[in-house]
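Examining the three-dimensional arrangement
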Amino acid sequence: MVSMKDIALRCGVSVASVSKALNGQQDISDATRRRILAVAKELGYTTNAAARSLKTNHTYNIGILFSDLSNRGFMHEYFASTLNSLRTEAERLGYDTTFISDNVGSQSTSYLQHALYRGVDGVVIICADFHDPMVQELAYSELPTVSLDHVFNNRTAVLSDNMNGMETLVRYVYDMGHRRIAYIHGNQTAVTERRMTGFYRACEELGVAIPNEYIGECKYYEPMSCYAATKKLLALPERPTCIFFPDDYAYIGGGNAILEAGLHIPEDVSAVGYDGIHMAKMISPRLTTWHQNSEEIGRIAASQLIECIEHPRTTLPQHIEVQGSLLEGETVRRLN
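We now turn to the structure provided with this report.

Rules behind the numbers
Residues numbered from 1 in each chain as written. Predicted model: local features only at pLDDT ≥ 70, side-chain atom pairs only at ≥ 80, totals over all residues. Heavy atoms only, no water. Pairing = 2+ DSSP bridges. Helix = DSSP H or I, 4+ residues; strand = E, 2+ residues; numbered from the N terminus. Axes fitted to C-alpha atoms, helices over the stretch in contact; angles between N-to-C directions. Salt bridge = Lys/Arg side-chain N within 4 Å of Asp/Glu carboxyl O. Buried < 20%, exposed > 50% of the residue type's maximum accessible area, 1.4 Å probe, protein only. Polar contact = N/O pair within 3.5 Å; in protein donor to acceptor, adjacent residues only side chain to side chain. Contact = heavy atoms within 4.5 Å. Parallel < 35°, antiparallel > 145°, perpendicular 65-115°, else oblique. Nonpolar A, V, L, I, M, F, W, Y, C, P; charged D, E, K, R; others polar.

1. Focus on the sheet that holds strand β1 (residues 61-66)
Read from one edge to the other, the open sheet built from six strands follows the order β2-β1-β5-β6-β7-β13, with strand pairing classed as parallel. Both edges of this open sheet fall to β2 (96-99) and β13 (319-322), since each of them pairs with a single strand only. Pairwise comparison of adjacent strand axes, ignoring direction, gives a mean angle of 20 degrees for this sheet. Where β1 meets strand β5 (residues 122-126), five bridges bridge the pair, whose relative direction is parallel. Looking at β5, one finds that Ile64 is bridged to Val124.

2. Focus on the environment of Ser3
For Ser3, the location among the structural elements is in the segment before α1 (4-11). Here the alpha-carbon distance between Ser3 and Ala40, two residues 37 residues apart in the chain, equals 9.2 Å.

3. Details of the pattern of salt bridges
Scanning the entire structure with this criterion turns up eleven salt bridges. Where Arg33 meets Asp30, a salt bridge forms, and the shortest distance between an N and an O atom there is 3.0 Å. One end of the pair, Arg33, and the other, Asp30, are both in helix α3 (residues 30-43), three residues apart, so they sit about a helical turn from each other. Given a relative accessible area of 13%, Arg33 falls into the buried group. Note that Glu238 is salt-bridged to Arg180, the shortest N-O span being 3.9 Å. Within this pair, whereas Glu238 is found in the loop between α10 (223-234) and β10 (242-244), its partner Arg180 is found in the loop between α8 (162-175) and β8 (181-185), the two being separated by 58 residues in sequence. Connected through salt bridges with shared partners, the residues Glu167, Arg171, Arg201 and Glu205 form a single ionic network.

4. Some details on the side chain of Arg33
Polar side-chain contacts of Arg33 include one of 3.0 Å to the side chain of Asp30. The contacts of Arg33, once residues within four sequence positions are left out, are Ala21, Gln25, Gln26 and Ile28.

5. Description of unusual backbone geometry
Pro266 follows Ile265 through a cis peptide bond whose omega is 5 degrees. With respect to the helices, strands and loops of the structure, Pro266 is situated in the loop between α11 (251-260) and β11 (270-272). Following Ser284, the chain continues into Pro285 via a peptide bond in cis, with omega recorded as -5 degrees. With respect to the helices and strands, Pro285 occurs in the loop between α12 (278-282) and β12 (289-291). A positive phi angle is found at Asp149, which is not glycine, with a value near 60 degrees. Among the structural elements, Asp149 can be located in the loop between β6 (145-148) and β7 (156-160).

6. Structural notes on the sheet that holds β8
If you walk across this open sheet you meet the four strands as β9-β8-β10-β11, and the pairing is parallel. In this open sheet, the two strands that pair with only one neighbour each are β9 (215-217) and β11. Neighbour-to-neighbour, the strand axes of this sheet turn through a mean angle of 20 degrees, independent of strand direction. Where β8 and β10 come together, three bridges link them in parallel fashion. Residue Ile181 lies in a different strand from β10, and its bridge partner there is Cys242. On the sheet, α8 packs against β8, β10 and β11 and is oriented at approximately 175 degrees with respect to β10. Relative to β8, helix α9 (residues 190-206) is tilted by about 175 degrees, and along the sheet it contacts β8, β9 and β10.

7. As for the packing of helix α2 (residues 15-22) against α3
Where α2 contacts α3, the axes come no closer than 9 Å and their chain directions differ by 85 degrees. In terms of orientation, α2 and α3 fall into the roughly perpendicular class. Facing α2, whose interface residues are Ser17, Val18, Ala21 and Leu22, α3 presents Arg33, Ile36, Leu37 and Ala40. A per-class count over the contact of α2 with α3 returns six nonpolar, one polar and one charged.

Written as C-alpha cells, this is what we have:
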C-alpha cells in the first residue's frame, strides 16, 4: 500500500507537506500542492480510514435523516436532487454518507441511538416530522446537526426562500391582471406556514381579498388529493381565475380536474406550481412555477455540517436562506 512517505520521497518534500496537501491545508504553495496531488493519484494513494479516524477522532461519515412525509422517497425530484447534491459535496470534502432510521436490523431504536450506533460525526435532518420527540432528541443532542427548512434553537438551518418565492408568484399573477386568486396548499408543515404567510402578505399589500372558500388543502406530491381540492374550487359560483398549486407534481391532478370540467389552461383558468422540477418544463402548456435551488441547498447543508464537525469551537449556528427563481411558463393568462 502506498504511504505518504512514498509520495514525499517521489516529490522531494517532507511527509508533513504531503499531509497538508492531502488534507487541503493552505500553508503550502499551490505548485507544491498540485505536484503532490498528481503524484498521489499516479501512485494510487488512498487514505487509511481507520488510522485517520484514530488520529482525528472523526469517522468521516455523516448521517442523513430523510423521513419523507409524502412517502414518495427518491421519486420526489426535489428531494432526490437535494440528497444527490448533499452526497456529492460530502464526498468532495472527504466524507461518506449513511441514512439514519428508527431501527437497526429488526430492532427498534431512536434516531439518535442509530446515529451513535453508526458512529456518524453529524446528521443532516431533511423533511422529517420536526415535532417528533425522536427528531428533537437528535437535533438537541451533542451531535452536530443541520436541518433543512426548519429552525431548531441554536442550530444551523438551510432554508429555501419559501416566503419570498410565494410573494414573487403572487405579484407576477397580479401583474398579469388576476384578482380572483385561489391557493391549494399542502399539509401543515413549517414550509407550508412560510408559503401561506408569503401568499397572504403579498395579497394584503396588493389589496387582493382572498375569500375563505378560495383556500384549499391537499397532500404534497399527491395528484389525486389535489384533483379533489381543485374540483371544489371549480364548483364555486364565482370560480377563481388563477389557482396556486402546492407543487408541480400535484398540479397534474389539478390540471386534470380543470380539463375534465371542460375548461382550458390558461384560457379559462390559470395555474401556478411550485418547486421547478424538470417535468414542469416538459408538459404542455409549460407550467409557471417557482424553482427551488435544490442543488445549492444540498451543497450548503453538507458544507455547513462538516464545518460544524471540523471547527466546533469557531462555527456559530446560522440560518442560511437559498434564493430560488421564477420560471415563467405558459399557464398564466394575461387578463385585461
